[in-house]
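# Commentary on secondary and tertiary structure
Below are the chains, spelled out letter by letter.
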Amino acid sequence: MTGNERSAGETYECDVLVAGSGASGMAAAITARARGLEVLIVEKEPRFGGTTARSGGWLWIPGTSLARAYGINETPDQARTYLRHEAGNNYDAARVDAFLEAGPEAVDFFTTKTALRFDMPLVFPDYHSEAPGGTQGGRSMVARPFDGRELGDHIKTLGMPLPELTVFGMMLGSGKDIVHFMRATKSLTSAVYVAKRLSRHLMDVLRHGRGMTLTNGNALAGRLAKSALDLNIPLWLSSPVRELIVENGAVKGAIIEREGRTIRVNAKRGVVLACGGFPHDIARRKKMLPHAPTGAEHYSPGPTGNTGDGLRLAETAGGRIEDRLPNAAAWVPVSVTQRKDGTRGVMPHFIDRAKPGVIAVMRDGKRFANEGNSYHDFVQAMVKAAKPNEEIAAWLVCDHKTLRKYGLGCVPPFPMPLGHHLRTGYLLRGDTLEALAAKAGIDVKGFAETVSQFNATAAQGQDAAFGKGSKAYNRYQGDPLHGPNPCVAPLENGPFYAVKMVIGDLGTYAGIVTDANARALDAEGRVIPGLYAAGNDMASIMGGNYPGAGITLGPALTFGYIAGRHLAESTAERSAA
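Residues numbered from 1 in each chain as written. Predicted model: local features only at pLDDT ≥ 70, side-chain atom pairs only at ≥ 80, totals over all residues. Heavy atoms only, no water.

## Brief notes about a nonpolar patch on the surface
- On the surface, Tyr70, Leu122, Val123 and Tyr476 cluster together into a nonpolar patch covering about 370 Å² of accessible area.
- Assignment of secondary structure puts Leu122 in the loop between β5 (118-119) and β6 (140-143). (Patch = residues over 30% accessible without salt bridge, like charges linked within 9 Å, V, L, I, M, F, W, Y side chains within 5 Å. Areas by Shrake-Rupley, 256 points an atom, 1.4 Å probe, with all protein chains shown as cover. Salt bridge = Lys/Arg side-chain N within 4 Å of Asp/Glu carboxyl O. Helix = DSSP H or I, 4+ residues; strand = E, 2+ residues; numbered from the N terminus.)

## Considering the confidence of the model for the protein
- Here the protein averages 92 in pLDDT, while 93% of its residues score no lower than 70.
- Throughout residues 1-8 the model reports pLDDT below 50, and contacts reaching past four residues in sequence, or to other chains, amount to 21 contacts. (pLDDT = per-residue confidence, 0-100. Contact = heavy atoms within 4.5 Å.)

## Observations concerning empty space enclosed by the protein
- Applying the stated criterion across every chain, the model contains four cavities of 30 Å³ or more.
- Forming the boundary of the largest cavity are 13 residues, of which Gly535, Asn536, Ser540, Thr552 and Pro555 lie nearest the centre.
- Its residues assigned to classes, the lining of the largest cavity shows eight nonpolar, five polar and no charged. (1 Å grid on protein atoms, 1.4 Å probe; cavity = no way out; pocket = protein on both sides within 12 Å on 5 of 7 lines; lining within 4 Å. Points joined across faces, edges and corners; volume = space filled by probe spheres on them. Nonpolar A, V, L, I, M, F, W, Y, C, P; charged D, E, K, R; others polar.)

## Remarks on the layout of surface pockets
- Space inside the second largest pocket adds up to approximately 420 Å³.
- Residue lining of the second largest pocket: 24 residues in total, with Arg54, Pro301, Gly302, Pro303 and Thr304 positioned closest to the centre.
- At the level of secondary structure, the elements contributing two or more residues to the lining of the second largest pocket comprise α2 (50-53) and β16 (344-348).
- At three residues, the largest contribution of residues to the lining of the second largest pocket is made by β16.
- Residue composition of the lining of the second largest pocket, by class: ten nonpolar, eight polar and six charged.

## Considerations on the pairing of strand β3 (residues 39-42)
- Where burial is concerned, the two faces of β3 agree: the one with Val39 and Ile41 and the one with Leu40 and Val42 are both buried.
- For strand β2 (residues 11-19) and β3, the ladder comprises four bridges, and the chain directions are parallel. By the bridge assignment for β3, Ala19 is matched with Val42.
- With respect to chirality, the unit in which β2 leads through helix α1 (residues 23-34) into the neighbouring parallel β3 is right-handed.
- Pairing of β3 with strand β11 (residues 235-236) involves two bridges; the strand directions are parallel. (Buried < 20%, exposed > 50% of the residue type's maximum accessible area, 1.4 Å probe, protein only. Pairing = 2+ DSSP bridges. Right-handed = clockwise from strand over helix to strand, strands pointing away.)

## A look at the environment of His208
- Relative to the assigned elements, His208 resides in helix α7 (residues 188-208).
- Once the C-alpha coordinates of His208 and Ala19 are considered, the two residues, 189 residues apart in sequence, prove to be 29 Å apart.

## A short note on the pattern of salt bridges
- Counting across every chain of the model gives 29 salt bridges.
- Glu10 is paired through a salt bridge with Arg261; the nearest N and O atoms lie 3.8 Å apart. Taken together, the residues span a long stretch of sequence, with Glu10 in the loop between β1 (7-8) and β2 and Arg261 in strand β14 (residues 261-273) at a distance of 251 residues.
- A salt bridge links Arg339 to Glu164; its shortest N-O distance comes to 2.7 Å. Of this pair, Arg339 sits in the loop between β15 (329-338) and β16 while Glu164 sits in the loop between β7 (146-147) and β8 (166-167), placing them 175 residues apart in sequence.
- Residue Arg339 is classed as partly exposed on the basis of its relative accessible area, which comes to 25%.
- For Glu164, a relative accessible area of 10% corresponds to the buried category.
- When salt bridges that share partners are traced, they join Lys44, Asp281, Arg284, Asp309, Arg312 and Glu315 into one network.

Right, here's the structure in full:
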C-alpha cells in the first residue's frame, strides 16, 4: 500500500507510526486515519496480517449491536462479573471497563465506516458459560468471508492461512462449511456444496495462485487491509523497527530498516507497538513458560517472525512487561506434523477432542481431563497431570469408525487417505489397544484399563470420571446428531489410532503493561508519552485465563481502536490548547 508516502531522503514524517499489521495494528491505524491523522504502518515480514491472518478470526466483545439484533441485551455488569470471575486476583478494573465501553463502539465504527463485517451465531457459549456472568451466546463473532479480489495486487502479500487448517489449501469458514464437509459422503446437498466449493477454489488457484474466498482470520486481515487501502494508509513490508526514538522520556518515532536503507520515521503523536507478542522468542519463552525450560519445548502455530520485538522496544523506552499472570500465554494442545514438502507443521486441536469416541491419555495410559473443555483449560490439565522430569505430552485416541467419521488432528475424515500421516508417524495405528499403546510408548495395562472403564458407561452417553459433554461448550463442539451425549461414544472395534499432542499457544498474554488508553507504563506506573501497545504486545486483560472464543482478537481490535482514538483526541486537545 503506497498511499500518500512522503519520504524525504532518509526521513519520513507522520503523525502516528504503527509497528505491526495484524488486527490490533490495522485497527489503530484505521481509527487514527479516519480521524484525520497521517499514519504509517510498518511490517517486519514480507506479508501483512500477522497472527490474525492465520487465526480463526473470532472476536469476543460483549454488548454489541450484533447481539442486540438477536434480542440479547446484556448489561456491561454481566460481562464485568464474568471477567472478574475469570481473571481472579489479576482483574484489571480500569482496562476491563475501557474494553466493555469501547468494544461495542469499535464494532459499530468498523462495520459502518470500513469494509469490516462480522457474523455472529445465535448460540456460541462462553467457555465457562456456567460461571457467574457467563452466557450461552451473543459475545463471540467471526469475520464474514471476503473476496480476495477486492485487494487487487495486494492479495499477493496477504499472509497465508495455517496449512493444517485448510483442505487442499482451501480455507473453511466456521459453521456451514465445516458441517457440509463433514457430511459430504452422507448428504447429496452437502456433496454438491463441497463440489462447488472445491471447483471454485481450484479455478481461483489456477487463475490467481491461491484461493480467493477468504474466511476466518484471513477474511479479518483482508477486510482490515481493504479498509486501510481505502484510506490510503501506506504499509511498508519487510521493514522492521530497529529502535525507538526517545527524547526527554517521550517516544518521538523509530528507526526503520527498509530495502537496505535506514529511515528515521518521525511520529509527531506517537508509536503503536503491535508486533504480535513473543511466541517465537526463545529467550523469553525460557524465562516465562515453565514447561519450556530451554525455550524449545513449545510449539507455536503463530508466525515465526513474532519474536518479541515490541516487548524489547518497549523495555528500551522504560516500559514494563507483565510477569505476574498465572499463564503467560493462551495455551492450546498441538500436534507436530510433517508436511508433504518436508517442512514441519503445527496443528492446533480445537474441536476434535470434543467428538464422541475420542479420549486423551497421558503416558501412564490414564485420562486426566474432560476432553471437550477449552484448549486453554485442557493444556493446564496436561501440565498438572505430567510427572516430574517427563515430557508434557498427551495422546488423542479413537477407533477406526470415529477416525473416518470425524478425522483427528491433521488426519481428515473419509474419503481422504491416511497413508501420508501413517508413513510419517504422525498417526499411530494398532490392531488392538495393546498394540497401539506399545507403539505410542503408553503404559499398556493402564491404557487398557482406562478404555475398559470409559466404555462401561459410554454407550449410555455417560462419562463418570470427567463429565465429558456436561458443559454447554463441550456440547457445542461435539456432534449434535449423536445421542444421547454429543461428546461421548465407546472405543469399540480396531484398528485404533493415536496422535501425540504437546503444548502450543494462540498468542502470548504477558505483554507490555498499559493504562486504559493503551498507553505504555513504566515501572512506577507512569505513562510513557508517545508509546502505545495493542494486541499480543499488550498485557492481556483476561488475567491469564481464556473466557471464550476470540478473547485475543476482541481486545486486539478494541484496544487498537482505543489507541487510535486517543491519539486523535490528544491531537485535538493540543490544537484546542
